[in-house]
Amino acid sequence: METLRYGILSTSSIAPRFIAAVREEGSFEVSALSSRSLEKAEEKALAWGVPKAYGSHVELLEDKAVDIVYISAVNSAHYKWAKAALLAGKHVICEKPCTTTEVQTRELFALAKEKGLFLMEAQKMLFLPAVLAVKEAIDSGKLGKIRMAEFNHSFYGSYNNWMYDEAAGGGPLLSSGIFVIELLQFLFDCDVAEITGICTKYPGTNVEAQYALSGRMENGVLFSMKNSTMAIMKNSACIYGEEGSLELPEYWKARKVIFSDEEQEFPCDHELVYEVRHIAECFRKGLTESPVVTGEFSARAIRTLESVKDNW
């Protein structure tokens, strides 16, 4: 496989971690990055060792030395720039959530298929060894029939100012709730059948600050998911079966699985490297869609979150 070159669209906080993972994996190069100002782009390019810097995303998409665009802009900008990249003939890796609506997600994957380009929602969690160990435990029947699951996550919303901005796709549901829905889909090989719940909104905004949701998967597993930017919670997922249970601390970046009879450690320097390895393998096989994070998988997940917001 020829060495393909990444262009990093947006200098967000996750961008340097993705760059580090690309370099650790070794199959691709990072040739350029873009920001909304040239000054910011040049500053980050120097800090992250990226050869070229652009003060506009359009310039990045026009660069013939960029084969794949990694998009890590604010949530509401994913659709716009993913579509622009595909129209420019670039393969696309788009941070989760792929877009903010099912319609947009399906449109992007249809466009990628039409143009013969690779498109994938970047969902690092599904490739982590710890998560794969949980999947194996469930599939093998180690815990017996799974009956319930619960997910708790908290963080300070101030880590990104746009977290409070509805127009930017702010709020923990899109940024963190997508982890839970896609993890449930992955672990149980089915979709959410029903979901309901409530939220607290930031004062003077229509953006949720915390929420408590409950639902049922198509296979009958009941689940709860809570997220807060206002309270400190124990950040973990718990899976309960008829014959045992497990805990997955910090499930979105898990390094450990705690079974009732043992604890398994899965240390790594860059949790995004497993996702990057998967992407590289897809390209080696000539695929235009991941067999794990398919367009259908991403569309169904965002559809579930849309239904939650509609009910709110």
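As a starting point, this report considers the structure included with it. (Residues numbered from 1 in each chain as written. Predicted model: local features only at pLDDT ≥ 70, side-chain atom pairs only at ≥ 80, totals over all residues. Heavy atoms only, no water.)

## Overview of the overall build of the protein chain
Alright, step 1. Helices and strands together make up the secondary structure of the protein chain, namely nine helices and 14 strands.
Alright, step 2. Compactness check: the protein chain gives a C-alpha radius of gyration of 19 Å against a globular reference of 20 Å for 312 residues, within 12% of the reference.
Alright, step 3. The principal-axis extents of the C-alpha atoms in the protein chain amount to approximately 55 × 50 × 35 Å.
Alright, step 4. The buried share among the 312 residues of the protein chain stands at 56%.
Alright, step 5. By sequence separation, contacts in the protein chain at least 24 residues apart represent 66% of the contacts at least 6 residues apart. (Helix = DSSP H or I, 4+ residues; strand = E, 2+ residues; numbered from the N terminus. Rg over C-alpha atoms; globule rule 2.2 N^0.38 Å. Buried < 20%, exposed > 50% of the residue type's maximum accessible area, 1.4 Å probe, protein only. Contact = heavy atoms within 4.5 Å.)

## Topic: the sheet that holds strand S12 (residues 245–249)
Alright, step 1. Read across the open sheet, the eight strands follow the order S8-S9-S10-S7-S11-S12-S13-S14; overall the sheet is mixed. Both edges of this open sheet fall to strand S8 (192–201) and strand S14 (263–265), since each of them pairs with a single strand only. Across the sheet, the axes of successive neighbouring strands diverge by a mean angle of 10 degrees, strand direction being ignored.
Alright, step 2. Bridge count for strand S13 (residues 256–259) against S14 is three bridges, and the pairing is antiparallel. Across the sheet, Ile-258 pairs through a bridge with Glu-263, a residue of S14. (Pairing = 2+ DSSP bridges. Axes fitted to C-alpha atoms, helices over the stretch in contact; angles between N-to-C directions.)

## Remarks on the pairing of S8
Alright, step 1. Both S8 and strand S9 (residues 208–217) contribute to a ladder of nine bridges, which runs antiparallel. Bridge pairing links Ile-195 to Gly-215 in S9.
Alright, step 2. Counting the residues that bridge the hairpin from S8 to S9 gives six residues, and of these Gly-204 lies at a positive phi of roughly 75 degrees.

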